[in-house]
Amino acid sequence: MLKLIILILYFAVLIGIGLYCRKNATDVNGFVLGGRSVGPWLTAFAYGTSYFSAVVFVGYAGQFGWKYGIAATWAGIGNAVIGSLLAWVVLGRRTRIMTQHLDSATMPQFFGQRFGSRPLKIAASVIIFIFLIPYTASLYNGLSRLFGMAFDIDYSVCILLMAVLTAIYVIAGGYMATAINDFIQGIIMLFGIAAVILAVLHSQGGFLAALEKLAQVKGESSVPGVYASFFGPDPVNLLGVVILTSLGTWGLPQMVQKFYAIKSEAAISKGTVISTVFALVVAGGCYFLGGFGRLYGDQVVMNEATGKPLFDTIVPTMLSTLPSVVIAVVIVLVLSASMSTLSSLVLTSSSTFTLDVIKPAVKQGMSDKKQVMIMRIFIVFFILVSAVIAIFKDAHPEVTFIAQMMGVSWGALAGSFLAPFLYSLYSKRVTKASCWVCFLFSSVLMVANIFFRSSFPAIMQSPINCGAIAMLAGLVIVP
């Protein structure tokens, strides 16, 4: 009953804010960018909550915590320093100035205006369209086990509930509703992750006792105490995780678009600090928590074919022994993380497709009202497609293609856009040709990684390492 009451209150607040923000979502500028008048607190929280979803809390924290032990915390620190602090310092001010000067509301529009090339704009739109859908579908991962543990209700019901509620407030209020709801969801995430860490450590006898138990775990490594060590059992692959999950945000359209909407250059300085602290607490906390996953090794569900754990079950297993109040907090925390990222992704996808593909194709032009209406239709379409993919994946766990696409989507998007976008902000010498080469190189490399993975060098067989290499390669390719 307590869990249900908390959920109902949470949903009521989200929908109420969506309806309240309708007056700000009547034209394209208001619907997509909140009228470029969003303050530092809302922008910083919108950036952070779009960054960290249930994929991080349930999937990545469990997977990398199991692989690297307490050293997985480095991924969270990297997210805070590289993915938040440096991203705001390097990209924030220049992005706002350039996008306002070019009158661009999306990343493809930026490339189209910056290089005077409609084909380049359409190519960027197609890459976003293709690779954001599997990313969106993956946000539902982890929700099934958490909801099953707490309410014993069907996974499909969870997906449809989350999809419908997100659609209502995004369609009603656009970016401003998303930003205000992200702020509320961000506060829930901050307090929620702190409460969960304290509860889990308390159940293990405190931090030092938990660390001592972790040091005694041997796992796949023959080195004693390696899972409680500073760099863990595999620092090279851990570095790949840090690069992909941290540097990747510099080229993800749904992240960079937050800088378009901030109201002033002065707000960027304040937003930098807020965003960095948020990332340190949330990402650092998630990976730190996941680092203790091996203490629950005897309870985790194992994959009989590989003998390895089902990574999405690790964090839910850690939480299943906690009191009902903490579980209620966790459910709202994971829902907040997923819905905030979902709303950001579908708003990015729908605005990009409408403004960069459909609008230029209509010869007689389109009014603001019609553009907003088409965006709203595409929001429903993107949410529906992602929900269907997630339900299909749950019904057919043997289909690994979609799960692989999640890792690939970050590498393809960030690999394609990071270098051309970054250099274009600071140099007039970037050429249209360099953008095309970077787009093609990263997209082809990451798609090839799905179909011909076994032919890749050992270090690049992991989609995470391959994505990190695609990003770093772009920084060389463009010059």
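Scroll up to find the structure this text is about.
*Asks:* Before we move on, can you summarise the overall build of the protein chain with the specific residues and values?
*Replies:* Along the backbone of the protein chain there are 19 helices and zero strands. Rg of the C-alpha trace for the protein chain: 21 Å, near the compact-globule value of 23 Å for 479 residues, within the 12% margin. For the protein chain, the C-alpha atoms occupy an extent of roughly 65 × 50 × 45 Å along the three principal directions. Here the protein chain, with 479 residues, has 59% of them falling under the buried criterion. Residue pairs in contact within the protein chain that sit at least 24 positions apart in sequence constitute 84% of those at least 6 positions apart. On the protein chain, the mean spot of the 29 positive side-chain charges and the mean spot of the 16 negative ones are 14 Å from each other.

*Asks:* Which residues make up the packing of helix 15 (residues 324–361) against helix 16 (residues 368–395), and what are the values?
*Replies:* Two numbers describe how helix 15 lies on helix 16: the axes approach to 8 Å, and their chain directions differ by 130 degrees. As the angle between them shows, helix 15 and helix 16 are arranged oblique. Helix 16 is crossed by helix 15, and the crossing has right-handed handedness. Each of L342, V346, L347, S349, S350, S351, F353, T354, L355, I358 and K359 in helix 15 lies in contact with helix 16, whose residues at this interface are Q371, I374, M375, F378, I379, F382, I383 and S386.

*Asks:* Give a description of a nonpolar patch on the surface that names residues and reports values.
*Replies:* On the surface, W74, I77, V81, L85, L86, V89, F230, F231, V273, V277, L280 and V281 cluster together into a nonpolar patch covering about 1000 Å² of accessible area. Summarising the element assignment, V81 is placed in helix 5 (residues 73–102).

*Asks:* Could you give an account of the nonpolar core, naming the residues involved and the relevant values?
*Replies:* If you look at the biggest cluster of nonpolar residues, it comprises 164 residues, and the most contacted ones within it are F57, F111 and Y140. Take this core: its biggest share by element is 19 residues, from helix 9 (residues 155–203). When neighbours within four sequence positions are excluded, F57 is seen to be in contact with I193, C286, L289, V315, L319, V330, L333 and V334.

*Asks:* I'd like to hear about the environment of L319, residue by residue, with values.
*Replies:* When you line up the elements, L319 lands in helix 14 (residues 314–319). L319 gets classed as buried once you look at its relative accessible area, which sits at 1%. For the pair L319 and V330, spaced 11 residues apart in the sequence, the C-alpha separation amounts to 8.3 Å.

*Asks:* Can you tell me about the side chain of T249, naming the residues and giving the values?
*Replies:* Its place among the elements puts T249 in the loop between helix 11 (235–247) and helix 12 (253–261). Of note is the side chain of T249, whose polar atom sits 3.2 Å from the backbone oxygen of G83. Setting aside its immediate chain neighbours within four residues, T249 contacts Y47, Y51, G83, M255, V256 and W410.

*Asks:* Outline the packing of aromatic side chains, supporting the account with residue identities and numerical values.
*Replies:* Going through the model one piece at a time under the given rule, you end up with 27 aromatic pairs. Geometrically, the ring pair formed by F129 and F353 is stacked, given 4.8 Å between the ring centres and 25 degrees between the ring planes. With a gap of 224 residues between them, F129 in helix 7 (residues 118–138) and F353 in helix 15 connect regions that are remote in the sequence. Among the aromatic residues, those joined into a cluster by ring pairs are Y47, Y51, F52, W88 and F259. The lysine or arginine in question, R94, covers the ring of Y426, its NZ or CZ lying 4.8 Å from the ring centre.

*Asks:* Quick rundown of the pattern of salt bridges? Include the residues and the values.
*Replies:* Close approach of charged atoms allows side chains of opposite charge to pair. Under the counting rule described, the total for this entry stands at one salt bridge. As a salt-bridge pair, E265 and R93 come within 2.8 Å of each other at their nearest N and O atoms. You can see E265 sitting in helix 13 (residues 265–290) and its partner R93 sitting in helix 5, a full 172 residues away along the chain.

*Asks:* Residue-level account of the environment of A172, with values.
*Replies:* Within the fold, A172 resides in helix 9. A relative accessible area of 12% means that A172 is categorised as buried. Here the alpha-carbon distance between A172 and M255, two residues 83 residues apart in the chain, equals 21 Å. Those residues within four positions of A172 in sequence are excluded, and the remaining contacts are G18, L19, R22, A25 and R376.

*Asks:* Lay out helix 12 in plain terms, naming residues and giving numbers.
*Replies:* Since the α-helix advances by 3.6 residues per turn, residues separated by three or four positions end up pointing in the same direction. Of all nine residues that make up helix 12, nine are buried, and the element is covered over most of its length. The set of residues buried in helix 12 consists of P253, Q254, M255, V256, Q257, K258, F259, Y260 and A261.

*Asks:* Report on unusual backbone geometry, specifying residues and quantitative values.
*Replies:* Non-glycine residue D103 carries a positive phi angle of around 55 degrees. Position of D103 among the secondary structure elements: in the loop between helix 5 and helix 6 (107–115).

*Asks:* Which residues make up the state of the cysteines, and what values do they have?
*Replies:* For the structure on display, the rule yields zero disulfides. Left unpaired, C438 is separated from the closest cysteine sulfur, that of C435, by 7.7 Å. Its relative accessible area of 0% is what places C438 among the buried residues. No disulfide involves C466; its sulfur sits 14 Å from that of C438, the nearest cysteine. Among the residues examined, C466 registers a relative accessible area of 0% and is labelled buried.

*Asks:* Go over the packing of helix 1 (residues 2–20) against helix 9, please, and point to the residues and values.
*Replies:* Contact geometry for helix 1 and helix 9: axes closest at 7 Å, N-to-C directions at 100 degrees. In this view, helix 1 runs roughly perpendicular relative to helix 9, as classed from their interaxial angle. Where helix 1 abuts helix 9, its residues Y10, F11, V13, L14, I15, I17, G18 and L19 lie against L161, L165, I168, Y169, A172, G173, A177, I180, N181, I184, Q185 and I188. Considering only residue class, the contact of helix 1 with helix 9 consists of 16 nonpolar, four polar and no charged.

Conventions and cut-offs
Residues numbered from 1 in each chain as written. Predicted model: local features only at pLDDT ≥ 70, side-chain atom pairs only at ≥ 80, totals over all residues. Heavy atoms only, no water. Helix = DSSP H or I, 4+ residues; strand = E, 2+ residues; numbered from the N terminus. Rg over C-alpha atoms; globule rule 2.2 N^0.38 Å. Buried < 20%, exposed > 50% of the residue type's maximum accessible area, 1.4 Å probe, protein only. Contact = heavy atoms within 4.5 Å. Lys, Arg positive; Asp, Glu negative; His and termini not counted. Charge placed at Lys NZ, Arg CZ, Asp CG, Glu CD. Axes fitted to C-alpha atoms, helices over the stretch in contact; angles between N-to-C directions. Parallel < 35°, antiparallel > 145°, perpendicular 65-115°, else oblique. Left-handed = near helix turned anticlockwise from the far one by under 90°. Patch = residues over 30% accessible without salt bridge, like charges linked within 9 Å, V, L, I, M, F, W, Y side chains within 5 Å. Areas by Shrake-Rupley, 256 points an atom, 1.4 Å probe, with all protein chains shown as cover. Salt bridge = Lys/Arg side-chain N within 4 Å of Asp/Glu carboxyl O. Core = buried A, V, L, I, M, F, W, Y, C linked by side-chain atoms within 4.5 Å. Polar contact = N/O pair within 3.5 Å; in protein donor to acceptor, adjacent residues only side chain to side chain. Phe/Tyr/Trp six-rings, centres within 6.5 Å; stacked < 30°, edge-to-face > 60°. Lys NZ or Arg CZ within 6 Å of the ring centre and 35° of its normal. Disulfide = S-S within 2.5 Å. Nonpolar A, V, L, I, M, F, W, Y, C, P; charged D, E, K, R; others polar.

So, to be careful, I would describe these as geometric facts and stop short of saying anything about function.
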